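Next come the chains, spelled out residue by residue.
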Amino acid sequence: MQSRFLTYHNHQVHYLQFGTGPRLLFALHGFADRARMFALLEPALEQRYTVVAIDWPFHGQTEWAGRAFTKADLLGIIREIAVQMDKPRFSILAYSFGARLAQAMLPDLTPQLDRLYLLAPDGVSTKGMSMATHTPMWVRRVLFQILQKPGWFVSILNVGHRMHVVPPMFHHFLTNNLTRPDRFQRTFGCWLSMDSFYLGRRKIRAHLLETGLMTEVYVGSRDQVVTLRSLQRMVEGLPNVRLHVLEEGHRLIGEQLVTALIKNR
């Protein structure tokens with residue numbers, strides 16, 4: 001496994017490369033994860049693919065100079081690496097929030113894509129994400145400014161949690177991601193960027209139907225984040241999409257997935 005950097009404008013984008021297969025596969029991790037998580041999948045991917053797992057902005061070893069990033073940024077990074085590797089065609093494997101990014105890029109990337117792998121994909125129907133998605137941008141920017149010192153807000157959250165007004169998952173997420181500068185920047189960096197990565201469920205379905213892009217969707221039967229029924233409705237009747245349900249939770253990347261990827265390739 002090789003660790004590499006790409007200079008993209010004034011940013012330093014880190015990625016890991018592994019595998020010796022003839023086809024190129026880009027891997028996009030989830031929120032608060034990093035590229036190294038895909039090392040677990042190396043036995044299933046290394047012979048078929050050369051894998052490029054990217055630490056996207058505000059994650060891992062990537063040094064991102066801006067406050068946010070856009071779909072154009074991520075498209076530029078992927079295409080520049082593909083050109084450097086002389087691989088005009090490639091596939092994408094994306095997990096959780098990374099799948100939200102991948103799905104939003106489909107209209108731009110499909111002409112170059114051979115196959116799409118979605119693992120516990122955010123962006124279809126994700127529990128707890130509705131408020132984050134629909135919060136106006138001006139509110140997000142105001143919160144970014146006033147929560148630079150979040151102690152007062154965390155105190156309010158703690159009181160609300162004790163009074164059963166603030167849901168446990170909401171409380172856990174905010175108290176863990178606002179109290180350290182790196183996590184604060186990561187959280188708001190993604191939140192301020194989300195509007196650039198939106199493609200509704202109906203548009204995703206219509207795009208997959210129209211293009212015939214071969215797609216493999218993996219989801220855990222015990223996933224408490226992604227709604228299985230919504231995924232089933234989205235892919236129902238699409239001949240080019242296969243849905244695989246594993247006996248896992250949302251943290252899908254592990255031995256069961258390795259076995260399933262080997263079996264289904």
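Relevant structure appears above.
Please read these numbers as outputs of a predicted model, since none were measured by experiment.

Cut-off values and rules
- Residues numbered from 1 in each chain as written.
- Predicted model: local features only at pLDDT ≥ 70, side-chain atom pairs only at ≥ 80, totals over all residues.
- Heavy atoms only, no water.
- Helix = DSSP H or I, 4+ residues; strand = E, 2+ residues; numbered from the N terminus.
- Expected span 1.5 Å × (residues − 1).
- Buried < 20%, exposed > 50% of the residue type's maximum accessible area, 1.4 Å probe, protein only.
- Salt bridge = Lys/Arg side-chain N within 4 Å of Asp/Glu carboxyl O.
- Pairing = 2+ DSSP bridges.
- Axes fitted to C-alpha atoms, helices over the stretch in contact; angles between N-to-C directions.
- Contact = heavy atoms within 4.5 Å.
- Polar contact = N/O pair within 3.5 Å; in protein donor to acceptor, adjacent residues only side chain to side chain.

## Thoughts on helix 8 (residues 181-193)
Helical geometry note: an α-helix holds 3.6 residues per turn, so side chains three or four residues apart project in the same direction.
Point 1. With 13 residues, helix 8 should cover 18 Å at 1.5 Å per step; its first-to-last C-alpha distance of 18 Å lies within 8% of that length.
Point 2. Within helix 8 the residues assigned to the buried category are Phe184, Arg186, Thr187, Phe188, Gly189, Cys190, Trp191, Leu192 and Ser193.

## Comments concerning the pattern of salt bridges
Side chains bearing opposite charge may pair, as long as their charged atoms lie close to each other.
Point 1. All told, the structure shown has 6 salt bridges when counted by the stated rule.
Point 2. Close ionic contact of Arg100 with Asp122 constitutes a salt bridge, the shortest N to O distance being 3.0 Å. In this pair, Arg100 sits in helix 3 (residues 97-109) while Asp122 sits in the loop between strand 6 (113-119) and helix 4 (130-134), placing the two residues 22 residues apart along the sequence. As far as the burial class goes, Arg100 and Asp122 line up, both buried.
Point 3. In this structure, Arg242 engages Glu216 in a salt bridge whose closest nitrogen and oxygen atoms are separated by 2.7 Å. Of this pair, Arg242 sits in strand 8 (residues 241-246) while Glu216 sits in strand 7 (residues 214-220), and the two are 26 residues apart along the sequence.

## Describing the sheet that holds strand 1 (residues 2-8)
Backbone-to-backbone hydrogen bonds join strands into a sheet, with any given pair of strands oriented parallel or antiparallel.
Point 1. Strand order in the open sheet formed by 8 strands is 1-2-4-3-5-6-7-8, and the pairing between neighbours is mixed. The sheet is open, and its two borders are formed by strand 1 and strand 8, each paired with just one other strand. Neighbour-to-neighbour, the strand axes of the sheet open up by a mean angle of 20°, direction not taken into account.
Point 2. Contacting strand 7 and strand 8, helix 10 (residues 228-235) crosses the sheet at an angle of about 160° to strand 8.
Point 3. In this fold helix 11 (residues 255-264) packs onto strand 6, strand 7 and strand 8, with an angle of close to 145° to the strand it touches most, strand 8.

## Quick notes on the environment of His29
Point 1. Of note, His29 is situated in the loop between strand 3 (23-28) and helix 1 (42-45).
Point 2. On the accessibility criterion, His29 (0% relative accessible area) is buried.
Point 3. The spacing of His29 and Ile54 is 25 residues in sequence and 7.6 Å in space, taken between C-alpha atoms.
Point 4. Discounting residues that sit within four places of it in the chain, His29 has contacts with Arg34, Ala35, Met37, Phe38, Ile54, Asp55, Trp56, His59, Tyr95, Phe97 and Gly98.

## Here's the deal with the side chain of Ser91
Point 1. Tracing the chain through its elements places Ser91 in strand 5 (residues 90-95).
Point 2. Judged by relative accessible area, which is 2%, Ser91 ranks as buried.
Point 3. Polar side-chain contacts of Ser91 include one of 3.3 Å to the backbone nitrogen of Arg115.
Point 4. Apart from the residues within four sequence positions on either side, Ser91 is in contact with Leu24, Leu25, Phe26, Tyr49, Leu113, Asp114 and Arg115.

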